[in-house]
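Listed below are the residues making up each chain.
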Amino acid sequence: MSMQITRLSLKHIQILRKCKRFLTSNLLLINTGTCCALYTVGDLIEQRIEGHKSEKKLDWARTARMAILGFCMGPVNHYWYVGLDRALPGIAAKTVGKKVLADQLLMAPFCYTIFYMGMTLLEGKKRQEMFTELKVKFWPTYKMDWQVWPAAQVGPLTG
């Protein structure tokens with residue numbers, strides 16, 4: 001019995017090592033897929049909150065647009081955080097504070113601009129509608145971002 005447990009444990013360790021190698025050597029793919037999945041699942045949750053109780057009532061075109069934006073933003077976020085880690089290496093409190101500040105001042109406005117412009121274009125709206133939507137929605141979103149994301153980022157940026 002003890003020999004079986006040892007063999008089984010070694011097999012599990014080998015599988016875990018292969019998984020770790022795959023994940024660390026395919027970070028762009030993993031981060032893009034994760035971003036796409038989060039945008040997609042987030043939209044489905046939001047639609048449920050909005051009152052779309054049945055699958056038939058869900059706006060699948062909207063969810064597809066969110067998935068497209070998530071797929072496009074995945075590489076952008078990946079390279080941003082890789083660059084941020086190179087520019088500000090380490091996980092000391094002061095360094096993490098600088099990373100969060102840089103993310104909030106530079107990346108967040110960029111992402112919200114791309115999100116609102118991209119979503120408007122994917123919805124087939126006209127250029128003027130794109131700028132109007134950005135003007136109306138950007139500041140409320142950005143203000144809310146400051147209330148949520150700095151605290152949420154501390155954990156991932158420290159490890």
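We now turn to the structure provided with this report.

**Digging into the packing of helix H2 (residues 27–50) against helix H3 (residues 60–87)**
Two packed helices can be described by the angle between their axes and the distance between those axes. In contact at an axis separation of 7 Å, H2 and H3 are set at 145° when each is read in the N-to-C sense. The hand of the H2/H3 crossing is right-handed.

**Side note on the pattern of salt bridges**
The full count for this structure, using the stated rule, is six salt bridges. Residue Asp 43 pairs with Arg 62 through a salt bridge whose shortest N-O separation is 2.6 Å. Highlighted residues: Asp 43 in helix H2 and Arg 62 in helix H3, separated in sequence by 19 residues. Its relative accessible area of 4% is what places Asp 43 among the buried residues. When the shortest N-O distance is used, the salt bridge between Arg 62 and Glu 50 registers 3.0 Å. With Arg 62 in helix H3 and Glu 50 in helix H2, this pair connects stretches of sequence that are 12 residues apart. Linked through salt bridges whose partners overlap, the residues forming this network are Glu 123, Lys 125, Glu 133 and Lys 137.

Conventions and cut-offs
Residues numbered from 1 in each chain as written. Predicted model: local features only at pLDDT ≥ 70, side-chain atom pairs only at ≥ 80, totals over all residues. Heavy atoms only, no water. Axes fitted to C-alpha atoms, helices over the stretch in contact; angles between N-to-C directions. Helix = DSSP H or I, 4+ residues; strand = E, 2+ residues; numbered from the N terminus. Left-handed = near helix turned anticlockwise from the far one by under 90°. Salt bridge = Lys/Arg side-chain N within 4 Å of Asp/Glu carboxyl O. Buried < 20%, exposed > 50% of the residue type's maximum accessible area, 1.4 Å probe, protein only.

The analysis is restricted to geometry; functional conclusions fall outside its scope.
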